[in-house]
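Structural features, examined
The chain contents come next:
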Amino acid sequence: MNRVIDQYIRSEEERAWARKTEELAALFAGRATRHDQEGSFPFENFADLREAGYLKLTVPQEFGGNGLSLYALVMLQERLAYGDGSTALAVGWHVGQILHLRTTRKWPEAIFADLCRSVVSDGTMINTFASEAASGSPSRGGKPETTAVPADGGWRITGRKTFSTLSPILDRFVVSAYIPDEDCTDDFLIHRTDRVTLVETWDTLGMRATGSHDVVLDGVFVDKDMRLSGKGMDDGGGWLLHIPACYMGIALAARDYALEFARSYRPNHMNEPIAALPSVQHSIGEMEIELRTARSLLYAAADRWDREKEDRPALKPELGLAKYVATNNAIKIVDLAMRIVGAASLSRNRPLERYYRDVRAGLHNPPMDSTVLHTLAKAALAETPK
């Protein structure tokens, strides 16, 4: 790695985890091209993550986890994505949601404790499947067509979920479902049975190895205790910073690739590498502005969320801003990197074209740009005039 990515390390513990994650990232980078081209799920990456203890990073210490902060999670997710964006984004949903559950305590304590112990002992993973083809993203107010109807001792869940990241590897997951009898929506913890079918629909431009297939539920029985009605505390959605951290990691990888290319590539009409050209130096300077601006906002937002526990709901504008800037700047950085490398950057033998495709997926992860802009405008208009 490089000095730029290390500038936000604050302790020896964080440094140790950073180095361990960098080793994983290097391993995953060697597999990323194949999984991207095949659109296959990297089961071996998740076996390595489990072995390294990565899956329990955000599990509370009381259950045998590491209880890592959001700041540390951002730092590690950035590094993991440096090697493979798909794996980083996919595992980010797991470690991020564990952090979310830890801070909100929105689940019944016994169910959360059972999940945490299973993560630590068995490498269990979790994700929430909420998106549907007809209703779109729940972050935009989509109402699920998946239904939950009462059954003896519990519920029967029927429906189809899209964008179900990690679906090939999960033995349990959460789904949102509409309850017609109560005219409301709630979450249910599902354990995979023969009434759960995976339909391999995930064939996309970028993030091709996240396993975000469709999951079909055909009258799946859920025990009455697995209805997760508790709302818990509002944590402001800080855990979602795992998303921009991922795209910053991809941007860093593209930036470093372009720098190495500029330092080493010398056309036969030049006496020195293209890094000596003012135009190339200008592009490198532009990359640095986009990168350093985004990372400063990202780490500042994570640090504030960790420290200002009582004010987390009020941090939503800052958290959204960090995601907006990081995601959009990451796209610009990868574009600039490709301009530096030139037409060779389009080759599938180089990772830049994968970075270019992967980084665009950030525009479609929550919170979306329009939501962030609305939140910032609302916060500004709510200010009391002097």
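It should be emphasised that the depicted structure is a prediction, and the values quoted were computed from it without experimental measurement. (Residues numbered from 1 in each chain as written. Predicted model: local features only at pLDDT ≥ 70, side-chain atom pairs only at ≥ 80, totals over all residues. Heavy atoms only, no water.)

1. Brief notes about the UniProt feature "domain: Acyl-CoA dehydrogenase/oxidase N-terminal" (unreviewed entry) in the chain
- Per the UniProt entry, the sites bearing "domain: Acyl-CoA dehydrogenase/oxidase N-terminal" (unreviewed entry) are residues 11–98 in this numbering.
- A distance of 23 Å separates the end C-alpha atoms of residues 11–98, which is 74% helix and 0% strand. (UniProt positions renumbered as here; feature names shortened; annotations may be inferred. Helix = DSSP H or I, 4+ residues; strand = E, 2+ residues; numbered from the N terminus.)

2. Quick word on unusual backbone geometry
- Each neighbour pair has its own omega, and for Pro366 with Pro367 the value is -10°, a cis peptide bond.
- Relative to the elements of secondary structure, Pro367 occurs in the loop between helix 10 (352–359) and helix 11 (369–381).
- Backbone geometry places Phe163, a non-glycine residue, at a positive phi of 50°.
- As for its placement among the helices and strands, Phe163 is situated in strand 3 (residues 154–164).
- The phi angle at Leu166 is positive, at roughly 80°, despite the residue not being glycine.
- Relative to the assigned elements, Leu166 resides in the loop between strand 3 and strand 4 (172–179).

3. A closer look at the packing of aromatic side chains
- With the rule as written, the count across this model stands at 10 aromatic pairs.
- Residues Tyr8 and Tyr299 carry aromatic rings whose centres are separated by 4.2 Å and whose planes lie at 5° to one another, so their mutual orientation is stacked. Of this pair, Tyr8 sits in the loop between helix 1 (3–6) and helix 2 (12–38) while Tyr299 sits in helix 8 (residues 278–307), and the two are 291 residues apart along the sequence.
- Here Tyr71 and Tyr299 contribute two aromatic rings whose centre-to-centre distance is 5.1 Å and whose plane-to-plane angle is 65°, an arrangement assigned as edge-to-face. Of this pair, Tyr71 sits in helix 4 (residues 70–83) while Tyr299 sits in helix 8, and the two are 228 residues apart along the sequence. Each member of the pair Tyr71 and Tyr299 is classed as buried.
- Through pairs of rings, three or more aromatic residues link up here, namely Tyr8, Tyr71 and Tyr299.
- If you follow Lys20 out to its NZ or CZ, it ends over the ring of Trp17, 4.7 Å from the centre.
- Lying over the aromatic face of Tyr178, Lys143 brings its terminal NZ or CZ to 4.1 Å of the ring centre. (Phe/Tyr/Trp six-rings, centres within 6.5 Å; stacked < 30°, edge-to-face > 60°. Buried < 20%, exposed > 50% of the residue type's maximum accessible area, 1.4 Å probe, protein only. Lys NZ or Arg CZ within 6 Å of the ring centre and 35° of its normal.)

4. A look at helix 6 (residues 109–122)
- Across its 14 residues, helix 6 extends 19 Å between first and last C-alpha, which sits within 8% of the 20 Å expected from 1.5 Å per residue.
- Those residues of helix 6 that are buried lie in contact with helix 5 (85–104), strand 4 and strand 5 (184–191).
- Directly beyond the C-terminal end of helix 6, a positive phi value near 75° is found at Gly123. (Expected span 1.5 Å × (residues − 1). Contact = heavy atoms within 4.5 Å.)

5. Brief notes about the UniProt feature "domain: Acyl-CoA dehydrogenase/oxidase C-terminal" (unreviewed entry) in the chain
- With numbering aligned to this structure, UniProt lists the feature "domain: Acyl-CoA dehydrogenase/oxidase C-terminal" (unreviewed entry) at residues 245–361.
- Secondary structure across residues 245–361 divides into 72% helix and 0% strand, with the first and last C-alpha atoms of the span separated by 13 Å.

6. Points about the pattern of salt bridges
- The final tally for this structure, using the stated rule, is 31 salt bridges.
- Among the salt bridges present, the one from Arg105 reaches Glu62, with a minimum N-O distance of 3.6 Å. Of this pair, Arg105 sits in the loop between helix 5 and helix 6 while Glu62 sits in the loop between helix 3 (43–52) and helix 4; the two residues are 43 residues apart in sequence, bridging distant segments of the chain.
- The exposure class assigned to Glu62 is exposed, which follows from its relative accessible area of 56%.
- Note that Asp234 is salt-bridged to Lys316, the shortest N-O span being 3.6 Å. Of the two residues, Asp234 sits in the loop between strand 7 (213–223) and helix 7 (242–264) while Lys316 sits in helix 9 (residues 316–341), which places them 82 residues apart along the sequence.
- Among the residues examined, Asp234 registers a relative accessible area of 43% and is labelled partly exposed.
- For Lys316, a relative accessible area of 39% corresponds to the partly exposed category.
- Linked through salt bridges whose partners overlap, the residues forming this network are Asp6, Arg19, Glu22 and Arg79. (Salt bridge = Lys/Arg side-chain N within 4 Å of Asp/Glu carboxyl O.)

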